[in-house]
Amino acid sequence: MKNYIRDNRSERGMTQDDLAEALGVSRQTIISLEKGRYNPSLELAFKLAAVFGCRIEELFDPEEE
Amino acid sequence: MTVQRFAALRTPGKGVFKGLAIYQTAVAGVFVLSSVLSGKFPVGHELLLASTAIMLWCLSALHPHFAADDERWRRIRERGMFFNYFILLVFLAVLLIVFALTPLEMSGYQTVSVIASFLISSVFITFVVLSRRM
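Because the structure is a prediction, the values reported are computed rather than measured. (Residues numbered from 1 in each chain as written. Chains lettered and ligands numbered in written order. Predicted model: local features only at pLDDT ≥ 70, side-chain atom pairs only at ≥ 80, totals over all residues. Heavy atoms only, no water.)

1. Considerations on the packing of aromatic side chains
Residue and element names in this part refer to chain B.
- Counting across every chain of the model gives eight aromatic pairs over all chains.
- Considering the side-chain rings of W73 and F127, the 5.7 Å spacing of their centres and the 70° angle between planes classify their relative orientation as edge-to-face. Here F127 lies in helix α5 (residues 108-133) and W73 lies in helix α4 (residues 71-101), a separation of 54 residues in the sequence.
- The class of F127 is buried, set by a relative accessible area of 6%.
- Residues F124 and F127 carry aromatic rings whose centres are separated by 5.8 Å and whose planes lie at 75° to one another, so their mutual orientation is edge-to-face. Taken together, the positions of F124 and F127, both in helix α5 and three residues apart, correspond to about one turn of that helix.
- The structure contains a cluster of three or more aromatic residues connected by ring pairs, namely F17, F66, W73, F124 and F127. (Phe/Tyr/Trp six-rings, centres within 6.5 Å; stacked < 30°, edge-to-face > 60°. Helix = DSSP H or I, 4+ residues; strand = E, 2+ residues; numbered from the N terminus. Buried < 20%, exposed > 50% of the residue type's maximum accessible area, 1.4 Å probe, protein only.)

2. A closer look at the interface of chain A and chain B
- Facing the 13 residues of chain A at the interface are 12 residues of chain B.
- Of the roughly 1100 Å² buried at the junction of chain A and chain B (both faces included), carbon and sulfur atoms supply 45%.
- Looking at the side of chain A facing chain B, the largest losses of area belong to Q28(A), R37(A) and Y38(A), adding up to 45% of the total buried there.
- Put simply, chain A and chain B have zero salt bridges between them.
- On the surface where chain A and chain B come into contact, there are six residue pairs in polar contact (both at pLDDT 80 or more). (Contact = heavy atoms within 4.5 Å. Buried area = accessible area lost by both parts, 1.4 Å probe. Salt bridge = Lys/Arg side-chain N within 4 Å of Asp/Glu carboxyl O. Polar contact = N/O pair within 3.5 Å; in protein donor to acceptor, adjacent residues only side chain to side chain.)

Below, the structure written as C-alpha cells:
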C-alpha cells in the first residue's frame, strides 16, 4: 500500500527519530513504513494521523502499490 | 517517560551483545576445534555453544529493531516462528532420511544437540532476514 508518511514528515520538518519518538516505535519501523515494506496496524495508522493532524485516507492509498 | 522508553532503557546496548558474541565465538571456536582435532565431532555441547554465538551475533544485529519492542518487532517474531515451524519440519525430515539411508549413527545427546543448535540458529537467522525485508 502506498503511503505519504515521508512527504508529511518532511512538510512538518520532523526527523525519523522525532516521528519514532512521537509514535513510540523504533526508527527502523519508520524507515520500513516510508519504504512501503511494512503496513502499520490500524492503531498505528490512527496514531500517525493524529501526529500529522490529518485523516488516515490522506496518509494511505490502497489503490496504488 | 513512556513504557516503551523504559523498556528500551532496560535492554542492554548493542555493544553488550557484540561483546558477548565475540566472547562466545571464541569459546565455541575452541570447543569445536578441540572436538574436531580429537576426532569426536559432534560431541554435542560445542554445537550448542556455536549456536549461542550465532544467536548473540543475530541479537547484536537485531538490537535497533527489538529495543523499542514495537508492533513491527512483534510481527517479525510471529512470522519468524511461523516460518521456523516449516523449516524445522524440513530439517527433521532430512534428518530422518539421513538416519534411515546412511550408516550415520548418533547418540541421543548428539541428536538432541544437533536439533537444538539448528533450531536456535534458524530462529534468530530468520529474524535477521525478516527484519531486513520488513
